[in-house]
Amino acid sequence: MNNELAPQRHTHDRRTKWAIDFTQRCAEKLERLGDIAAEAKQYDEALTQYSTALSLNPVIRQDILMKQSKVYMAKGLWEDAIDNANQVITLDPSSPWGYERKHMALHGAARYDDAIKMFETMLLKMSQSPDPKIREHRLGYVNPEQTKAAIRAAIENTIRESPLALINTHSGCLLDKYGQACSFESQPIFLELISSMTTRIDYARIDREVTEYYRYATFSHKWENNEPLFENVVRIVVYDLEESPTHDKLRMFCKIVRDSGFRWAWSDTCCINKADHFVLQEALVSMFKWYEGSAVTIVLLRGVRSPSKRGDLVKSIWNTRAWMLQEYHASKVVRFYTEDWKPYLNLVIPNHKDSPEIISEMEEATGVSARALMALRPGLDDIREKLRLASTRQTTRVEDAAYSLLGIFSMSLGIVYGEGDKALGRFLAQLLMSSGDTSILAWTGQSGSFNSCLPTTIIVFDQLPTTHNPPALERAEMDGIISRLRSSSLNSTSIMRLYDRLQELPVPLFVGQRMKLPCIVFKLGPLSTSRSSSVHIFRAQTSSLGVVEIRTEEDLSQYGSLYLVHPWIDFLLDSQPVGSGVETIPEENTDYQSSLMGDLPSSPGPSITSTAPQTRAARLVARLGRPFSVRPPTFRRDTASLLLPSDTTLSRVPSLASSLRPPSSLSPTEVQMRSLQVIARLRQPFGALLLTPHLGNVAAYRRVAAESLITVQVEEITPTILHKLVNSVRTLDVL
């Protein structure tokens with residue numbers, strides 16, 4: 001019986017084997033057809049072939065499941081792709097490839113947190129694999145913690161120069177730097193970046209995404225009563241503030257910013273904790289930089305309603321503000337809105353600074369051409385032009401006349417609200433020492449409380465400094481004067497001696513509130529008096545300047561001695577202000593004995609500073625003790641580093657006592673020519689400063705305020721006058 005069934009059993013086995021082989025060949029054929037369809041992006045056809053191949057194969061093959069999962073992802077069928085990946089993992093839990101496919105599917109489904117976990121599992125399986133090739137392959141992948149660290153570094157770098165506190169326009173919450181940093185990590189983009197960077201960290205994309213996320217808008221407006229302050233907003237959502245005109249203003253600003261596509265907003269009302277002195281100090285010093293770094297500045301023109309018309313901007317209250325100067329100038333993109341939040345003049349361009357109408361109105365408002373206004377840069381150049389622009393602006397607090405200028409001059413200054421006009425004095429003193437530009441002293445009006453050589457108000461800088469210094473001589477005129485000087489009776493040695501004395505003078509320096517003023521001193525003779533309205537008119541004779549007329553509210557007859565001084569040393573030497581260029585080591589000084597012209601009283605101690613000889617090496621050693629920054633472009637100096645304590649003497653700070661004027665590498669002939677040019681410039685009219693010995697302090701002087709310019713001129717330079725001029729080159733202490 002068995003023998004009879006054997007042929008049948010054999011035939012059955014052969015048929016079964018044939019069927020299995022046939023099925024296998026069909027499955028392989030279908031798999032190849034699926035590959036061809038997938039490569040041709042015929043995804044539906046590919047899925048049909050792969051599904052049929054899987055149905056024919058009694059043993060589910062991982063490679064087909066992997067291919068099918070890839071096609072599902074190409075079609076965006078993320079859940080089907082995840083199911084396929086799960087089947088691969090079930091078939092071989094120790095293999096990393098199922099986890100890799102599932103990570104890709106989860107990432108496509110925007111389930112980034114799960115995707116990162118799956119990717120970490122894949123890395124673990126690779127590390128644990130017995131296959132050395134797979135373990136080596138693991139080295140080609142990036143650990144998610146590395147990507148996190150790169151993102152956090154980019155966040156820190158991006159928000160480092162941004163305001164200390166910003167309003168999140170989506171949530172309405174005021175956040176500090178820590179809150180701002182955490183905000184990004186709560187966004188899907190944070191996990192998406194980590195999940196997407198599996199084989200390398202794309203630093204460029206990270207920087208791009210982080211920078212885009214942290215773009216912020218700044219607010220430029222006129223402060224009003226009951227503005228929402230830091231303490232009002234720090235614990236409440238901006239959009240939940242009670243109804244009031246100022247709260248509505250802040251809310252509308254945030255909504256305009258949010259609707260413009262920016263997540264962050266900054267307003268000087270509520271984003272500065274003014275109760276924290278250090279925060280306030282940093283904010284006032286950094287404000288120019290913050291406006292400069294903003295994506296857009298929103299300007300609210302209080303008092304201008306729609307429909308607005310040309311000319312409203314010029315007459316707006318906003319255009320009178322002192323802070324407006326840096327806010328408008330620093331901002332790259334500006335958009336103007338009327339007080340009912342309509343675009344000014346219905347402008348639809350992204351940047352209103354590009355509008356011809358805005359350009360024209362800003363030229364009219366500032367008195368400066370658009371090109372010149374755009375050319376102004378933060379720093380110590382164009383000092384008088386910047387001061388002139390500031391002189392036409394108004395501040396609510398006296399101190400803000402100085403503090404509003406810190407950014408445009410790239411300066412730092414201790415913030416002391418309540419000190420009144422001393423703030424302007426401290427600012428101008430530091431500006432003078434940082435730049436060496438003595439045109440800061442070119443003004444008429446009332447002296448301030450910080451130092452008599454500095455004004456009580458910035459309004460005085462509306463005057464042009466050219467009234468104190470005459471225009472430069474034309475070449476032909478200068479040549480004619482020099483030709484006459486060569487044939488005069490003046491001794492060439494004395495002429496060069498005067499030039500040397502001027503070259504040896506140090507730059508102006510403040511020690512506390514005491515100013516070291518390099519100048520040429522002229523003693524005034526007896527006064528004659530007359531009166532015009534409330535102003536005294538005094539006339540005096542000098543041996544060098546002839547008759548001098550002085551108009552002042554002060555009664556000069558009460559002073560025992562009066563002196564006119566010529567402080568415009570850079571003009572005489574035809575050189576740039578010392579602070580405007582790179583400091584160089586000056587040439588050695590020649591020791592001259594100190595004596596004042598005529599009967600100028602002896603002023604012992606620090607009132608007159610002589611220039612003692614120093615070697616280049618000695619000066620270099622001395623300067624090593626001066627404050628310096630390892631980052632000159634962003635150097636921020638404390639006030640004390642420039643305005644030295646009042647008990648400091650120049651002998652204790654030799655580097656500051658030495659001359660900082662550029663060294664001379666001129667030939668004797670060139671020096672002689674420069675010396676003759678100095679004599680020629682001395683013959684030109686100039687605006688003199690009036691000084692008198694300080695009452696109760698014979699070691700110092702004070703400037704006597706004059707209501708109008710004291711214009712004087714050396715009438716004739718004889719050998720006797722030249723000798724007196726040489727001996728009148730001094731550095732005076734002025735309080």
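Residues numbered from 1 in each chain as written. Predicted model: local features only at pLDDT ≥ 70, side-chain atom pairs only at ≥ 80, totals over all residues. Heavy atoms only, no water.

Regarding the overall build of the chain
No. 1: Counting secondary structure elements, the chain contains 29 helices and 17 strands.
No. 2: Considering the chain as a whole, with its 735 residues, one finds that 50% of them fall into the buried category.
No. 3: Sequence separation of 24 or more characterises 68% of the internal contacts of the chain that already satisfy a separation of 6 or more.
No. 4: As displayed, the chain has an accessible area near 34,500 Å², and 53% of this comes from carbon and sulfur atoms. (Helix = DSSP H or I, 4+ residues; strand = E, 2+ residues; numbered from the N terminus. Buried < 20%, exposed > 50% of the residue type's maximum accessible area, 1.4 Å probe, protein only. Contact = heavy atoms within 4.5 Å. Areas by Shrake-Rupley, 256 points an atom, 1.4 Å probe, with all protein chains shown as cover.)

Quick notes on helix α4 (residues 78–91)
No. 1: Compared with the 20 Å implied by 1.5 Å per residue over 14 residues, the 20 Å span of α4 between its first and last C-alpha is a close match.
No. 2: Among the residues of α4, Ala81, Ile82, Asn84, Ala85, Val88 and Ile89 are the ones counted as buried. When α4 is viewed along its axis, its buried side chains cluster within an angular range of 160° and face the same direction.
No. 3: Looking at the buried side of α4, the elements it contacts are α3 (62–74) and α5 (97–108). (Expected span 1.5 Å × (residues − 1). Arc of directions from axis to C-beta.)

A short note on the confidence of the model for the chain
No. 1: Overall, the prediction assigns the chain a mean pLDDT of 84, with 84% of residues at 70 or greater.
No. 2: Note on residues 578–660: pLDDT under 50 across the span, and 158 contacts to partners over four residues away in sequence or across chains. (pLDDT = per-residue confidence, 0-100.)

Things to note about the packing of aromatic side chains
No. 1: Taken as a whole, this structure holds 21 aromatic pairs when the rule is applied.
No. 2: Taking the centre distance of 6.0 Å and the plane angle of 45° together, the rings of Tyr337 and Trp341 count as tilted. Side by side, Tyr337 and Trp341 carry an identical accessibility label, which is buried.
No. 3: Over the ring of Tyr328 we find Lys353, and its NZ or CZ is 4.6 Å from the ring centre.
No. 4: Lying over the aromatic face of Trp443, Arg703 brings its terminal NZ or CZ to 4.0 Å of the ring centre. (Phe/Tyr/Trp six-rings, centres within 6.5 Å; stacked < 30°, edge-to-face > 60°. Lys NZ or Arg CZ within 6 Å of the ring centre and 35° of its normal.)

Digging into the pattern of salt bridges
No. 1: This structure, assessed with the given rule, holds 32 salt bridges.
No. 2: Between Arg388 and Glu385 there is a salt bridge, with the nearest N and O atoms lying 3.2 Å from each other. Linking Arg388 with Glu385, this pair stays in helix α19 (residues 383–391), spanning three residues, or about one helical turn.
No. 3: Classification of Arg388 as buried rests on a relative accessible area of 15%.
No. 4: The exposure class assigned to Glu385 is partly exposed, which follows from its relative accessible area of 28%. (Salt bridge = Lys/Arg side-chain N within 4 Å of Asp/Glu carboxyl O.)

A short note on the sheet that holds strand β6 (residues 334–338)
No. 1: The six strands lie next to each other as β2-β1-β4-β3-β5-β6, forming an open sheet whose pairing is mixed. Sheet topology places β2 (174–175) and β6 at the edges, where each strand pairs with a single neighbour.
No. 2: The pairing of strand β1 (residues 166–168) with strand β4 (residues 264–266) spans two bridges and is antiparallel. Residue Asn168 lies in a different strand from β4, and its bridge partner there is Trp264. (Pairing = 2+ DSSP bridges.)

Comments concerning the pairing of strand β3 (residues 216–220)
No. 1: Counting buried residues along β3, five of its five residues qualify, which places the element largely inside the surrounding structure.
No. 2: Here β3 shows a buried face lined by Tyr216, Thr218 and Ser220 and a second buried face lined by Ala217 and Phe219.
No. 3: The pairing of β3 with strand β5 (residues 296–301) spans four bridges and is classified as parallel. Across the sheet, residue Thr218 finds its bridge partner in β5, namely Thr297.

Some remarks on the packing of α3 against α4
For any two helices packed against each other, the geometry comes down to the angle between their axes and how far apart the axes lie.
No. 1: Two elements in contact, α3 and α4, have axes whose closest approach is 8 Å; the angle formed by their N-to-C orientations is 160°. As summarised for this structure, α3 and α4 are arranged roughly antiparallel, according to the angle between their axes. Crossing hand, α3 versus α4: left-handed. Where α3 approaches α4, its residues Gln62, Leu65, Met66, Gln68, Ser69, Tyr72 and Met73 are matched on the opposing element by Trp78, Asp80, Ala81, Asn84, Ala85, Gln87, Val88 and Leu91.
No. 2: Looking at the contact of α3 with α4 residue by residue, the class counts come to nine nonpolar, five polar and one charged. (Axes fitted to C-alpha atoms, helices over the stretch in contact; angles between N-to-C directions. Parallel < 35°, antiparallel > 145°, perpendicular 65-115°, else oblique. Left-handed = near helix turned anticlockwise from the far one by under 90°. Nonpolar A, V, L, I, M, F, W, Y, C, P; charged D, E, K, R; others polar.)

Considering the environment of Val535
No. 1: Relative to the elements of secondary structure, Val535 occurs in strand β10 (residues 535–542).
No. 2: Taking relative accessible area as the criterion, Val535 reaches 18% and is therefore assigned buried.
No. 3: Counting along the chain gives 16 residues from Val535 to Arg551, while the straight-line C-alpha distance between them is 6.3 Å.
No. 4: Apart from the residues lying within four places of it in its own chain, the contact partners of Val535 are Arg551, Thr552 and Glu707.

Regarding the side chain of Glu192
No. 1: Within the element layout of this structure, Glu192 appears in helix α10 (residues 188–196).
No. 2: Looking at Glu192, the relative accessible area reads 13%, which means it is buried.
No. 3: For Glu192, the side chain forms a polar contact with the side chain of Arg205, separated by 2.8 Å.
No. 4: The contacts of Glu192, once residues within four sequence positions are left out, are His107, Tyr112 and Arg205. (Polar contact = N/O pair within 3.5 Å; in protein donor to acceptor, adjacent residues only side chain to side chain.)

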